[in-house]
Amino acid sequence: MDIEKDTHLRHIKDPVHDQIRITPRMSQFIDSAPFQRLRRIKQLGTTYYVWAGASHNRFEHCIGVAHLARKMVTRLRKNQPELNITDRDIECVTLAGLCHDLGHGPWSHVWDGMFIPATLPEEKWTHEEGSEMMLDYLIKEKEIDIPSDDIALIKALITGDPGKCRLKEKQFLFDIVANKRNGFDVDKFDYIQRDSLAIGDAIKLQISRLIKSARVIEDQICYEYKDLDKVLEVYQTRHKLHKNFYNHKTAKAIEYMIVDGLKLAEPYMRIARRIKNPEEFLWLTDDLLPEIERSQDPNLKPAQHIFKRITNRKLYRFVDMKWVNWEDRNMYRQLVTEQRILECAREAYDELLKVQRQEMDESWREAGLTLDDLTADDILVEQSTLHYGMKEENPLNFVKFYSKTGNCDQADGGDYSTLRPLVFAEVLLRVFTKKEEFQEIIQAGYRRIPELDVLHNPDQAPETVDVQVAEGGQPIQGINTTKDNSSVPFASTATSSDVPMSPPVTEHSLPDDGPPTSQDRTERSGSRSLSRHVRKMSVTTIPDAEPPLSTAATAGSTSAVSSLQSSNTVPKFVTPGAPASPRSTKPLSAQSSNSFTTLNRFTTVMPSHGSPGKATKPISKKRDRNQVETQEQSHAGRTRSSVGILPTLPGDREVSPSPVARKQARLG
């Protein structure tokens, strides 16, 4: 049956794409319990608590993706008949777009990106797996007559994995719904426009032009060279949404509260185990929260208390943040941990003046707390990876463009504007606390971490510290070089290698580009203690004249360079077997920041701000009214000739006629 000529159609009025045609085959899937379930799952999860307009659901997003997927593949068939795109291909691509989010759990990515990994760490479950499970359940319940090879193709299109197909399928079809080649697909086309419209900051992409521009060359979807800037705009906009909206600090705080509440309810409700049973998974929606809230089970009281805090806006408190360079992410992940912040917070408290400790104790006493009530579990360290869609890589390096001259290749160098980012990924480090009363002391502990990485006897500290980082970011046992060039045992030392340093391979594969997923989720650091052997971890580059090029981490100064040049041994700061940065021939350590620091001048907690119960108030710049009246009375008996004009003080206003005099003038 030719889908384009079918007359038994209905339409849905969509705020983004206007009229969307619904075919009879699409109706079979839409008019089912698994698909209607998506009406009760917010597209942006907890972002709705910050932007009240972001109340749209996965239901309309899936219909929008199906519409764009069908539009894309239909245009390709029209422009390139030689591709032999069949009605079956069009139907399978459309259904893949329609069903690609069937497996999302409550609050979308909060479920598979945070709750499931925390509750079932042994499970490598993703929402794509849930979509495959619910697709099988839907087809079975509705008794839809569809070939098994078509079902396999739909599942493969959802995951972007051609290896799941039973037959040899057209490779370019996998670039439409879930493009693992370069992340440029119709899923982004829809959610970028839909999410921004709902938030109130509408973004209009040139979707029709991009679809018209698409061509299949060498079994890959390419775009016309003159549309390169429009392709880059999609990646830039994706990053903007993640940075400004999806990772908003308040939305993140609520995510942590929801996960903590679900974890408290898990032993009694067995929520996480429902992901394996489609009949139970069918009822896992955002309605889970009111289900727990109205329960009479006394075991759920702790979970209900957390959810009540969300209702009353008594949220986890943001403490501090820092933007971390991509190449430094593993160092910060190892050094900034909940346990270390707790230790530093207690030490910072002990070093306060007695009067400061008394003021702090008094504020905690009013809340019924003491410093002993602060534990590592009350601190949350989050490191969110933000990128353009291909981690640290430039996504345009994976997209091919064609021109009227017949050339088709990746854009490079001067092929497009040089006014573009030099790096395409970064890490946002943030610290939260579950008890707002401890916000100030936790920030003091967090900022104290770099200061305490020093030996008690500085004379015994190594002048030069060789560091080798293995897979997973863990230091390797080795030997250090001290001031006198003697060798001493040390916990993290490099071995000889001529391979330039590159970041350890610790990141997961590409996400599906909604808010952070289980593959691209924010990682909460574990509780790890630190050695105190360095005051400041800085990186010094050995001159190019030294063969081979290498770097050395020094202890607070650059004096190690001369000592290293005078000796024949040149320490390496390398990752064995790791490739060099694709954009630079220098080791990444030479591109990294000069020192490890947690300071952020714009998030410093002042004594009178952000610390509930704090009695200290800032001194007002305004003059006290009683003081002014006293001064005026003291000058009342003086004559102008003896006193002259009274001096003005900072903040004094220009003298105006007496209100009484003005009133008498109007009456007389």
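Throughout what follows, the structure given in this document is the object of discussion. (Residues numbered from 1 in each chain as written. Predicted model: local features only at pLDDT ≥ 70, side-chain atom pairs only at ≥ 80, totals over all residues. Heavy atoms only, no water.)

Some thoughts on the sheet that holds strand β8 (residues 408–410)
Item 1. Reading across from one edge, β3-β4-β7-β8 is the order of the 4 strands in this open sheet, with mixed pairing throughout. The sheet is open, and its two borders are formed by β3 (215–217) and β8, each paired with just one other strand. Looking at each pair of strands side by side, their axes are set apart by 50 degrees on average, direction ignored.
Item 2. Here strand β4 (residues 220–224) runs beside strand β7 (residues 400–402); their pairing, made up of 2 bridges, is parallel. Bridging across to β7, Y223 finds its partner in F401. (Pairing = 2+ DSSP bridges. Helix = DSSP H or I, 4+ residues; strand = E, 2+ residues; numbered from the N terminus. Axes fitted to C-alpha atoms, helices over the stretch in contact; angles between N-to-C directions.)

Let's talk about the environment of A411
Item 1. Here A411 shows up in the loop between β8 and β9 (425–433).
Item 2. Judged by its relative accessible area of 7%, A411 falls in the buried class.
Item 3. Put simply, A411 and N397 are 14 residues apart on the chain and 6.7 Å apart in space, counted from C-alpha to C-alpha.
Item 4. With near-sequence residues (within four places) excluded, A411 lies in contact with L228, N397, V399, F401 and Y416. (Buried < 20%, exposed > 50% of the residue type's maximum accessible area, 1.4 Å probe, protein only. Contact = heavy atoms within 4.5 Å.)

Here we look at the packing of helix α3 (residues 58–79) against helix α4 (residues 87–99)
The packing of two helices is summarised by the inter-axis angle and the distance between the axes.
Item 1. Where α3 contacts α4, the two axes come as close as 7 Å, and the packing angle between them is 155 degrees. In terms of orientation, α3 lies roughly antiparallel with respect to α4. As for the relative orientation of α3 and α4, their crossing is right-handed in sense. Across the interface between the two elements, C62, I63, V65, A66, A69, R70, V73, T74 and R77 from α3 touch D87, I90, V93, T94, G97 and L98 from α4.
Item 2. For the contact of α3 with α4, the class distribution of residues is 9 nonpolar, 3 polar and 3 charged. (Parallel < 35°, antiparallel > 145°, perpendicular 65-115°, else oblique. Left-handed = near helix turned anticlockwise from the far one by under 90°. Nonpolar A, V, L, I, M, F, W, Y, C, P; charged D, E, K, R; others polar.)

Description of the nonpolar core
Across soluble globular proteins, you tend to see nonpolar side chains buried next to one another.
Item 1. Judged by nonpolar contacts, the single largest core of 120 residues is most densely connected at L98, W111, I176, Y223, L262, I271 and I292.
Item 2. In terms of residue count, the dominant contributor to this core is α3 (10 residues).
Item 3. Other than its neighbours up to four places away in sequence, L98 contacts M26, F29, I30, F35, C62, I63 and A66.
Item 4. Within the second largest apolar cluster, 30 residues are counted, among which are W326, L342, I379 and I441. (Core = buried A, V, L, I, M, F, W, Y, C linked by side-chain atoms within 4.5 Å.)

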